[in-house]
Amino acid sequence: GEIEKEIKKDIEAFFGEDRHYNVMIIGPGMGRSEVSSLVFNIIINNLKLSGIKKVLIDGDGLYHLSEFLKSNKLPENISFVITPHFSEASKLLNKPVEQIKRNRLEAAKELAKKTSAVALLKGPATIITDGINSLINTTGNPALGTGGSGDVLSGIIGALLLKDILPLDSTGMGAYIHGLAADISVEESNLQVLKATDLIKQIRPAVVKIIFS
């Protein structure tokens, strides 16, 4: 009703002609309320008006996506990236977590095909796939289980999506840099724990290490 009209008006203003965005990250910290669900649906349905060509969906956005896909498809001609952990993947695929863990590559491919997105399935040796071509990440450690780590990953991938790089490659590079930053942090502290802020501090050293190694 009235709330939906207000949200739609605000989002259309946000996507106004005088504004230009290349990439959107939607979901982290969004919540799962009815209002956030409306915001998610209205944004996705208005993406073509926005001119945005690349969208990463993470966090609570994956919950809203699983609901959205029950009766809709993501808009075409926009590159989507999704970054679920096992329980988010379970909701998207409507399959038990244990089944996903037993064949993670197959589950990641299924996620990509179902959503028409590049899927990054988090876990040990994170898998990135577009449903046909797949990458397996070789960096990272258990300390990445900390809160906020996934938000940092989304930010890194979002920054790479701004470059003229294919979404599959941007997502794979983002996962590699994110994991390497965690490896450097753990190596320097000699502790198998880290905060998201520790991770952020090591992004630049990780990129430098990749360039000069």
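Refer to the structure above for everything that follows.
Residues numbered from 1 in each chain as written. Predicted model: local features only at pLDDT ≥ 70, side-chain atom pairs only at ≥ 80, totals over all residues. Heavy atoms only, no water.

Novice: Could you give an account of the pattern of salt bridges, with specific residues and numbers?
Specialist: Enumeration over the complete set of coordinates arrives at seven salt bridges. Notably, a salt bridge pairs Asp60 with Arg32, separated by 3.3 Å at the nearest N-O pair. With Asp60 in helix 4 (residues 60-68) and Arg32 in the loop between strand 1 (23-26) and helix 2 (34-45), this pair connects stretches of sequence that are 28 residues apart. Each of Glu67, Lys70 and Lys91 takes part in a single network of salt bridges with overlapping partners. (Salt bridge = Lys/Arg side-chain N within 4 Å of Asp/Glu carboxyl O. Helix = DSSP H or I, 4+ residues; strand = E, 2+ residues; numbered from the N terminus.)

Novice: Outline the environment of Val35, supporting the account with residue identities and numerical values.
Specialist: Positionally, Val35 belongs in helix 2. Classification of Val35 as partly exposed rests on a relative accessible area of 42%. In this structure the C-alpha to C-alpha distance between Val35 and Phe86, which are 51 residues apart in sequence, comes to 26 Å. (Buried < 20%, exposed > 50% of the residue type's maximum accessible area, 1.4 Å probe, protein only.)

Novice: Give a detailed account of helix 4, specifying residues and quantitative values.
Specialist: With seven of nine residues buried, helix 4 lies mostly within the body of the structure. Buried within helix 4 are the following residues: Asp60, Gly61, Leu62, His64, Leu65, Ser66 and Phe68. Along its buried surface, helix 4 packs onto strand 1, helix 2, strand 2 (54-57), strand 3 (79-82), helix 5 (86-93) and helix 7 (104-115). (Contact = heavy atoms within 4.5 Å.)

Novice: Describe in detail the packing of helix 1 (residues 2-14) against helix 2, supporting the description with residues and values.
Specialist: Interhelical geometry of helix 1 versus helix 2 gives an angle of 45 degrees and a closest axis separation of 10 Å. In this view, helix 1 runs oblique relative to helix 2, as classed from their interaxial angle. Crossing hand, helix 1 versus helix 2: right-handed. Contacts between helix 1 and helix 2 involve Ile3, Glu4, Ile7, Lys8 and Ile11 on the former and, on the latter, Val35, Leu38, Val39, Ile42 and Ile43. Class assignment of the residues belonging to the contact of helix 1 with helix 2 gives a composition of eight nonpolar, no polar and two charged. (Axes fitted to C-alpha atoms, helices over the stretch in contact; angles between N-to-C directions. Parallel < 35°, antiparallel > 145°, perpendicular 65-115°, else oblique. Left-handed = near helix turned anticlockwise from the far one by under 90°. Nonpolar A, V, L, I, M, F, W, Y, C, P; charged D, E, K, R; others polar.)

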